[in-house]
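Descriptive structure summary
These are the residues of each chain, in order.
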Amino acid sequence: TLCSFLLSSWLPQMVPFRGSHWQSSLLAFRASLPVRAQPKKKKKVDVKREQAQKDRMKKKIKKLEKAAPEMIPIEDFITPLKYSDSKRVRNLPPLTSEETERRVLLMKKWCLFKQKQDQAEKAAIQTLVEAQQEALKELRLESEELYQAAIRRDEGLFPFEREGPNYTPPLPGYDPPEGKCIDITKVYTQ
Amino acid sequence: IELEKSHYSDHEMRKLEEEEQLRRRKESVYDDDEAPGKTVIMAQDLEDKWEQRLLQFKAAPRVTDADKNNNRTSLNRKLDSNLMLLVKQKIGDQELWLLPQAEWQPGETLRGTAERAMATFLGDHIQAKILGNAPYGIYKYKFPRAIRTEDNVGAKVFFFKAFLQSSDLSQAELKEDYLWVTKDELGDYLKSEYLKKVNRFLLD
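Residues numbered from 1 in each chain as written. Chains lettered and ligands numbered in written order. Predicted model: local features only at pLDDT ≥ 70, side-chain atom pairs only at ≥ 80, totals over all residues. Heavy atoms only, no water.

**Digging into the overall build of chain A**
Each helix and strand counted, chain A has 4 helices and 0 strands in total. Going from N to C terminus, chain A has its helices and strands arranged as α-α-α-α. For chain A, the proportion of its 190 residues judged to be buried stands at 8%. As displayed, chain A has an accessible area near 18,900 Å², and 60% of this comes from carbon and sulfur atoms. (Helix = DSSP H or I, 4+ residues; strand = E, 2+ residues; numbered from the N terminus. Buried < 20%, exposed > 50% of the residue type's maximum accessible area, 1.4 Å probe, protein only. Areas by Shrake-Rupley, 256 points an atom, 1.4 Å probe, with all protein chains shown as cover.)

**Thoughts on the pattern of salt bridges**
Taken as a whole and assessed by the stated rule, the structure comprises 22 salt bridges over all chains. B:Glu4 is paired through a salt bridge with A:Arg103; the nearest N and O atoms lie 2.7 Å apart. Of this pair, B:Glu4 sits in the segment before helix H1 (10–27) while A:Arg103 sits in helix H3 (residues 97–142), on two different chains. In this structure B:Glu4 comes out as partly exposed when scored by relative accessible area, which is 42%. (Salt bridge = Lys/Arg side-chain N within 4 Å of Asp/Glu carboxyl O.)

**Regarding the packing of H3(A) against helix H5 (residues 192–201) of chain B**
In the contact formed by H3(A) and H5(B), the axes pass within 7 Å of each other and the chain directions differ by 120°. The pairing of H3(A) with H5(B) is recorded here as oblique in orientation. Here H3(A) contributes A:Thr127, A:Leu128, A:Glu130, A:Ala131 and A:Glu134 to the contact with H5(B), which in turn contributes B:Lys197, B:Arg200 and B:Phe201. (Axes fitted to C-alpha atoms, helices over the stretch in contact; angles between N-to-C directions. Parallel < 35°, antiparallel > 145°, perpendicular 65-115°, else oblique. Contact = heavy atoms within 4.5 Å.)

**Notes on unusual backbone geometry**
A cis amide bond links A:Phe158 with the next residue in sequence, A:Pro159, at an omega value of -5°. Its location among the elements puts A:Pro159 in the segment after helix H4 (144–151). The backbone of B:Lys78 shows a phi angle near 50°, a positive value even though the residue is not glycine. You can see B:Lys78 is positioned in the loop between helix H3 (65–69) and strand S1 (84–91).

**Remarks on the interface of chain A and chain B**
Listed as interface residues are 39 residues of chain A and, on the opposing side, 41 residues of chain B. Both faces combined, the contact of chain A with chain B buries some 3,600 Å², and carbon together with sulfur accounts for 57% of it. Among the residues chain A hides against chain B, the three largest losses belong to A:Arg88, A:Arg90 and A:Leu128. Together they make up 20% of the total. Linking chain A with chain B are 10 salt bridges, by the criterion used here. Put simply, A:Lys82 and B:Asp10 hold a salt bridge, and the shortest N to O gap is 3.5 Å. Counting residues per element, the side of chain A that touches chain B draws most heavily on H3(A), at 14 residues. (Buried area = accessible area lost by both parts, 1.4 Å probe.)

**Some remarks on the nonpolar core**
Grouped together as the largest cluster of nonpolar side chains are 22 residues, with contacts concentrated most on B:Leu86, B:Phe159, B:Leu186, B:Tyr194, B:Val198 and B:Phe201. Put simply, the parts of the chain that give this core at least two residues each are S1, strand S2 (94–98), strand S5 (154–159), strand S7 (178–181) and H5 of chain B. When residues in this core are grouped by element, the largest group, 4 residues, is from H5(B). Beyond its immediate sequence surroundings of up to four residues, B:Leu186 is in contact with B:Met84, B:Leu86, B:Val181, B:Leu195, B:Val198, B:Asn199 and B:Leu202. Counting 14 residues, the second largest nonpolar core, distinct from the first, contains A:Leu136, B:Leu110, B:Met118 and B:Phe158. (Core = buried A, V, L, I, M, F, W, Y, C linked by side-chain atoms within 4.5 Å.)

**Thoughts on the packing of aromatic side chains**
Inspection of the entire model under this criterion finds 9 aromatic pairs over all chains. Ring geometry for A:Tyr174 versus B:Phe57: centroids 5.5 Å apart, planes at 65°, classification edge-to-face. Here A:Tyr174 is found in the segment after H4, whereas its partner B:Phe57 is found in the loop between helix H2 (43–56) and H3 on a different chain. Measuring from ring centre to ring centre gives 5.7 Å for B:Phe159 and B:Tyr194, while their planes differ by 70°; the resulting arrangement is edge-to-face. Taken together, the positions of B:Phe159 in strand S5 and B:Tyr194 in helix H5 put the pair 35 residues apart, joining distant regions of the chain. Summarising the burial analysis for this pair, B:Phe159 and B:Tyr194 share the class buried. Members of the aromatic cluster, connected to one another through ring pairs, are B:Tyr139, B:Tyr141, B:Phe143, B:Phe159, B:Tyr194 and B:Phe201. For the cation-ring pair, A:Arg162 lies above B:Phe163, with the distance from its terminal atom to the ring centre recorded as 3.8 Å. It is B:Arg62 that lies over the ring of A:Tyr167; its NZ or CZ is 4.2 Å from the centre. (Phe/Tyr/Trp six-rings, centres within 6.5 Å; stacked < 30°, edge-to-face > 60°. Lys NZ or Arg CZ within 6 Å of the ring centre and 35° of its normal.)

**Let's talk about the packing of H1(B) against H2(B)**
When two helices pack together, their arrangement is given by the angle between the helix axes and by the axis-to-axis distance. All names here are of chain B. Contact geometry of H1 with H2 gives a least axis separation of 8 Å together with a crossing angle of 125°. Taken together, the axis directions place H1 and H2 in an arrangement best described as oblique. Along the contact surface, H1 presents His 11, Arg 14, Lys 15 and Glu 18, while H2 presents Ala 43, Gln 44, Leu 46, Glu 47 and Trp 50. Residue composition of the contact of H1 with H2, grouped by class: 3 nonpolar, 2 polar and 4 charged. (Nonpolar A, V, L, I, M, F, W, Y, C, P; charged D, E, K, R; others polar.)

What follows is the structure, given as structure tokens:
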């Protein structure tokens, strides 16, 4: 195919007209892909360029991955700046000494009440445990098999869910007002 | 409302600003270029509206009808404390008020016996959760001499605790007399020895 190139530059008029100058002879098909210097350069440079680009990207990715992951801010612990405005501070009358007295005495009574409550709870739990131990002892005396069955862990017990008590019982036939709840919490990904 | 350790909220700021605006409008002679269409709803109006809504709502009373009539067979009484089921059962030749019990059949665990007792007294489709495999308490008693044989001198009654999930007992077939009682009212029905043992594992 090199000779075809030479022929076309030397004897442009003598050679009969060909459809395209890539055909080496009138009868033969195009033997190979068009061979010229420039397309070869394009391909090499392209490949090289693309590879260089890929390497750069990979390096960047590696750098990012090596860097420590950013901490997710806990929204509850950061007070938004708009709430530290001085305009927002309330102006209340100062506390009287009687009020402080009353509060201190109330706190003492509350402490005492809570202590009694806690002690009573602990005593109740103690009697509960004792009663159960006694029951298990008696059961063991009765039959070992039943005792083993009783000691076994109850898988279906946890997670234990129970609805807490409300202040007033539910109204029969109450139709709660309709509304839509749109969740605007921000979700962070590491 | 917590006044001492708090700042003004958005709603309160809005209210204060609108009060300021109103005051300024009253004092100085303003041409109404701030057309009234701007602040159609004031914060104060909103508060009044919410107040009205609250007053319109009536919650159900805590003291139900069953409390007033002292009808101890309904579950709708004493809503602020726990209720226990008591059944009248025939033991030997005595009719006694007891916590529902069933005799243990060989081949089933104690918890199975408890479930069977629940099924017999409350119907098959009852939604109750038994807490754990182990018994909570025990009551031993000896049979009167007439019934005693060589092996069976007495009986041991093991107690289990269970929570009723649904308060819908319309399907229950409670044939004999039954009562729902609180811990304090147990003393009216149970015998002293039995009561002593039962009280140990019941929390109010």
